[in-house]
Amino acid sequence: DDWKLLRGCLLLNIGTVSIAIFLHTLRFKKILPPRLTFSLYLAQIYATIAGIPYARHLFTAHPKLCAVCFAGLLCNMTRSRKIHAAWCFVTMCLLSYKE
């Protein structure tokens, strides 16, 4: 049952990129107005995010992994190449570490 939820979120994420490219093409060819294409794109993004609360029990079961992902998100938001390089090195060390 959990795999169905995760696969659904994955398909929606993959679909977001494909639909975004398709909507931009329709907008540039002036087939659809810009506001409609932007609204459809936002609906697709929110549909992807809507499944996350249902997977909360999966995230709470792995707090260390969630902390690593959140720290990586924060490091990427700084837009500093030094911080990003340091985070890549730390992540490589964490992934190669075996108990």
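To be clear, the structure that these remarks concern was listed above.
What counts, and at which threshold
Residues numbered from 1 in each chain as written. Predicted model: local features only at pLDDT ≥ 70, side-chain atom pairs only at ≥ 80, totals over all residues. Heavy atoms only, no water. Helix = DSSP H or I, 4+ residues; strand = E, 2+ residues; numbered from the N terminus. Rg over C-alpha atoms; globule rule 2.2 N^0.38 Å. Buried < 20%, exposed > 50% of the residue type's maximum accessible area, 1.4 Å probe, protein only. Contact = heavy atoms within 4.5 Å. Areas by Shrake-Rupley, 256 points an atom, 1.4 Å probe, with all protein chains shown as cover. Disulfide = S-S within 2.5 Å. Expected span 1.5 Å × (residues − 1). Patch = residues over 30% accessible without salt bridge, like charges linked within 9 Å, V, L, I, M, F, W, Y side chains within 5 Å. Salt bridge = Lys/Arg side-chain N within 4 Å of Asp/Glu carboxyl O. Polar contact = N/O pair within 3.5 Å; in protein donor to acceptor, adjacent residues only side chain to side chain.

**Q** What is the right way to look at the overall build of the chain in this model?
**A** Looking only at helices and strands, the chain features five helices and zero strands. The secondary structure elements of the chain, listed N-terminal to C-terminal, are α-α-α-α-α. At 18 Å, the chain has a C-alpha radius of gyration far larger than the 13 Å of a compact globule built from 99 residues. Here the C-alpha coordinates of the chain stretch approximately 55 × 40 × 15 Å along the principal axes. Counting across all 99 residues of the chain, residues that qualify as buried make up 14%. Put simply, of all contacts in the chain between residues at least 6 apart along the chain, 54% involve residues at least 24 apart. When the accessible surface of the chain is summed, it comes to about 8500 Å², and 70% of that surface belongs to carbon and sulfur atoms.

**Q** Whenever I open this one, the state of the cysteines confuses me. Can you help?
**A** Should the sulfur atoms of two cysteines be covalently bonded, the bond is a disulfide. Tallying each qualifying case throughout the model produces zero disulfides. Cysteine Cys9 shares no disulfide, and the gap to the nearest cysteine sulfur, in Cys66, comes to 14 Å.

**Q** What am I meant to see in the side chain of Gln44 here?
**A** Along the chain, Gln44 turns up in helix H2 (residues 34–50). Judged by its relative accessible area of 13%, Gln44 falls in the buried class. Aside from chain neighbours lying at most four places away, what touches Gln44 is Leu12, Gly15, Thr16 and Ile19.

**Q** Quick question: what am I supposed to make of unusual backbone geometry here?
**A** A positive phi angle, close to 60°, is found at Lys30, a residue other than glycine. Mapped onto the elements of the fold, Lys30 is located in the loop between helix H1 (2–28) and H2. For Arg79, which is not glycine, the phi dihedral falls at a positive 60°. Here Arg79 falls in the exposed class, since its relative accessible area comes to 78%.

**Q** Looking at this structure, I do not really get helix H4 (residues 63–77). What am I missing?
**A** Note: α-helices contain 3.6 residues per turn, so residues at a spacing of three or four share the same orientation. Helix length check: H4 (15 residues) gives 21 Å between terminal C-alpha atoms against 21 Å at 1.5 Å per residue, within 8%. Arg79 occupies a position one or two residues after H4 and carries a positive phi of about 60°.

**Q** What is the right way to look at a nonpolar patch on the surface in this model?
**A** Among the surface-exposed residues, Val68, Phe89, Val90, Met92 and Leu94 lie close enough to one another that they form a single nonpolar patch of about 440 Å² accessible area. Structurally, the position occupied by Val90 is in helix H5 (residues 81–96).

**Q** Just to check I follow, could you spell out the side chain of Thr37 for this structure?
**A** Along the chain, Thr37 turns up in helix H2. Assessed through its relative accessible area of 6%, Thr37 is described here as buried. For Thr37, the side chain forms a polar contact with the main-chain oxygen of Pro34, separated by 2.8 Å. Dropping the residues within four chain positions of it, Thr37 is found in contact with Leu23, Arg27 and Leu32.

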